[in-house]
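Here is how the chains run, residue by residue.
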Amino acid sequence: MAQLWGGRFTKATDKLVYEFNASIGFDQRFFKEDLQGSRAHVRMLAKQGILTEVERDEILAGLDGIEADVEAGKLEITSEYEDIHSFVEANLIDRIGDAGKKLHTGRSRNDQVALDMRLYTRSQVLYTESQINHLLHTILHIMEENTETIMPGFTHLQKAQPITLAHHLGAYFEMFRRDELRLQDIYNRMNYCPLGSGALAGTTYPLDRDYTAELLDFYGPTENSMDGVSDRDYLIEYLSALSTIMMHLSRFSEEVIIWNSNEYRFVEIDDAYSTGSSIMPQKKNPDIAELVRGKTGRVYGALMSLLTTMKGIPLAYNKDMQEDKEMAFDAMDTTNGCIQLFDGMLETMEFNKDNMEASAKNGFTNATDAADYLVNHGVPFRDAHSIIGQVVLYCIDRGIAIDDMTLEELQAISPVFEEDIYEAISMDTCVNKRLTIGAPGKEAMEQAIENYKEYLAE
Ligand code: ARG
């Protein structure tokens, strides 16, 4: 057991206590960030004359050596150390002796871990953003090819009005664009450096916090040392953004599962992204979409867990905060993995355009337009609604679509119908006359696609 704080104690820590307390099993994930933070700290200490340049160089060389040995597998990060900070410091002292003991001057593990977690999260925020950006490109590509692919739009999972596949996917473009912008907001708000906060009250050494912040690519130092060590808002915001991304992916997955079902057959998931059944030879299951939908829960769980951990913590650092890591790491891995897999599934998925269009035609999705036709010929909307209700009932009894009725049949229900009704309720008219901003008409969609291209080009 290598601990940094033995001096005050007369007895060894109980083994179970040691294990309960240790975080090395999971905080080794930010080994690199810990080194990065220590390098910046030691450069600043030397610049301020707190360490000599010789000591600085010895420490930097020692840190490089530790990094190289860990990467080469010559040095193992083991549970012999309480946490990653102790691992680095103990190995540094082993390697370079007394100079190593000066690394922690003017620093506490409280601001050290606050920094490491923030550095790690910051790079994850950027990584998630790049994945979302790739997904947006995939979606936009499918949209460009499908401004004329007619499909039913649903409400209550009942066919409602015809739309296009471009229009449907455009809704997801909007969702994931908001997700991307949310990540950028989080980055901007979190990008301040807590190092130099000390244990909670800063330090008496003349630290240059602006300089360390600059070395670590932060906008500047955090402005209150109590908050600096105990703020995890940025992580809560990130987990909340991940939860929202998962919610969007889960809704999209649910649609893919429905579209892939035998009843719909709107899409064909690529073999590389489907799985079979051990007993039923005919099955090709949408497991990836189901898993994405299923994994949403654990990401929400991480958010709830951290919110709950933080809610009762008095200022400043308390050990409870060590619990900010495991579930958050899991949520990051889960979400990043889900975005990547979903993106790959979407990129390789085939859309059965004929089935989509046939489905739109067979579900009275043009009933609203038929009513609008009557309104345009002077019938009050409420009466038109009721007339078309009778038309639909007539069709249901005979298993036909409104378009299949003869003009005589239509006129028997309302004399207002003329030959031009067929044109007025064709799928093409229903979709392409809808040209207001955000509507599915081809020209409106093309404008949206232009805007999305501009957004992605920025
Ligand atoms: N493993 C600890 C954590 O993750 C590091 C900070 C420990 N600080 C302390 N005062 N015990 O929060």
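In this report, we go over the structure that sits alongside the text. (Residues numbered from 1 in each chain as written. Predicted model: local features only at pLDDT ≥ 70, side-chain atom pairs only at ≥ 80, totals over all residues. Heavy atoms only, no water.)

1. Side note on unusual backbone geometry
Outside of glycine, negative phi angles account for most residues, and trans bonds account for most peptide bonds.
Then comes step 1: Going from Leu-315 to Ala-316, the amide bond is cis rather than trans, its omega being 0°.
Then comes step 2: Position of Ala-316 relative to the elements: it lies in the loop between helix H11 (287-311) and helix H12 (326-348).
Then comes step 3: Residues other than glycine seldom take positive phi values, yet Arg-265 does so here, at roughly 45°.
Then comes step 4: Topologically, Arg-265 is positioned in the loop between helix H10 (233-260) and strand E5 (267-268).
Then comes step 5: You will see that Phe-364, though not glycine, has its phi angle at about 55°, which is positive.
Then comes step 6: For Phe-364, the position within the fold is in the loop between helix H13 (353-361) and helix H14 (367-376).
Then comes step 7: Classification of Phe-364 as buried rests on a relative accessible area of 18%. (Helix = DSSP H or I, 4+ residues; strand = E, 2+ residues; numbered from the N terminus. Buried < 20%, exposed > 50% of the residue type's maximum accessible area, 1.4 Å probe, protein only.)

2. Some details on the pattern of salt bridges
Then comes step 1: This structure, assessed with the given rule, holds 30 salt bridges.
Then comes step 2: Ionic pairing is found between Glu-67 and Arg-39, a salt bridge with its closest N-O pair at 2.7 Å. With a gap of 28 residues between them, Glu-67 in helix H4 (residues 53-71) and Arg-39 in helix H3 (residues 31-47) connect regions that are remote in the sequence. Assigned by exposure class, Glu-67 and Arg-39 land together as buried.
Then comes step 3: Note that Arg-293 is salt-bridged to Glu-254, the shortest N-O span being 2.4 Å. Residue Arg-293 is found in helix H11, and its partner Glu-254 is found in helix H10; the two are separated by 39 residues along the sequence.
Then comes step 4: The exposure class assigned to Glu-254 is partly exposed, which follows from its relative accessible area of 31%.
Then comes step 5: Put simply, Lys-32, Arg-39, Asp-64, Glu-67 and Glu-71 are held in one network by salt bridges that share partners. (Salt bridge = Lys/Arg side-chain N within 4 Å of Asp/Glu carboxyl O.)

3. Let's talk about the site of the ligand
Then comes step 1: As a matter of local geometry, the ligand sits amid Ser-23, Asp-27, Asp-83, His-85, Arg-109, Asn-110, Val-113, Tyr-317, Gln-322 and Lys-325.
Then comes step 2: Between Gln-322 and the ligand, the recorded distance is 2.7 Å, taken from a side-chain N or O atom to a nitrogen atom.
Then comes step 3: Here Lys-325 contributes a side-chain N or O atom positioned 2.5 Å from an oxygen atom of the ligand.
Then comes step 4: Protein contacts shield 86% of the accessible area of the ligand, which totals 340 Å² for the unbound molecule.
Then comes step 5: The leading source of residues in the shell around the ligand is helix H6 (residues 109-145), at three residues.
Then comes step 6: A class-by-class count of the residues in the shell around the ligand yields two nonpolar, four polar and four charged. (Near = heavy atom within 4 Å. Polar contact = N/O pair within 3.5 Å; in protein donor to acceptor, adjacent residues only side chain to side chain. Areas by Shrake-Rupley, 256 points an atom, 1.4 Å probe, with all protein chains shown as cover. Nonpolar A, V, L, I, M, F, W, Y, C, P; charged D, E, K, R; others polar.)

4. Remarks on H13
Then comes step 1: Along H13, the positions that sit buried rather than exposed are Met-356, Ser-359 and Ala-360. What you see down the axis of H13 is that its buried residues fit within an arc of 100°, all on one side.
Then comes step 2: Buried residues belonging to H13 abut strand E1 (150-155), strand E2 (158-164), helix H7 (165-190), strand E6 (350-351) and helix H18 (427-432). (Arc of directions from axis to C-beta. Contact = heavy atoms within 4.5 Å.)

5. What to know about the nonpolar core
Then comes step 1: Core analysis: the biggest nonpolar cluster contains 93 residues, and Phe-87, Ile-139, Met-143, Leu-249 and Phe-252 have the highest contact counts within it.
Then comes step 2: In terms of residue count, H10 provides more of this core than any other element does, 15 residues in total.
Then comes step 3: Counting residues in each nonpolar core, the second largest holds 20 residues, with Ala-384, Ile-387, Cys-395 and Ile-425 among its members. (Core = buried A, V, L, I, M, F, W, Y, C linked by side-chain atoms within 4.5 Å.)

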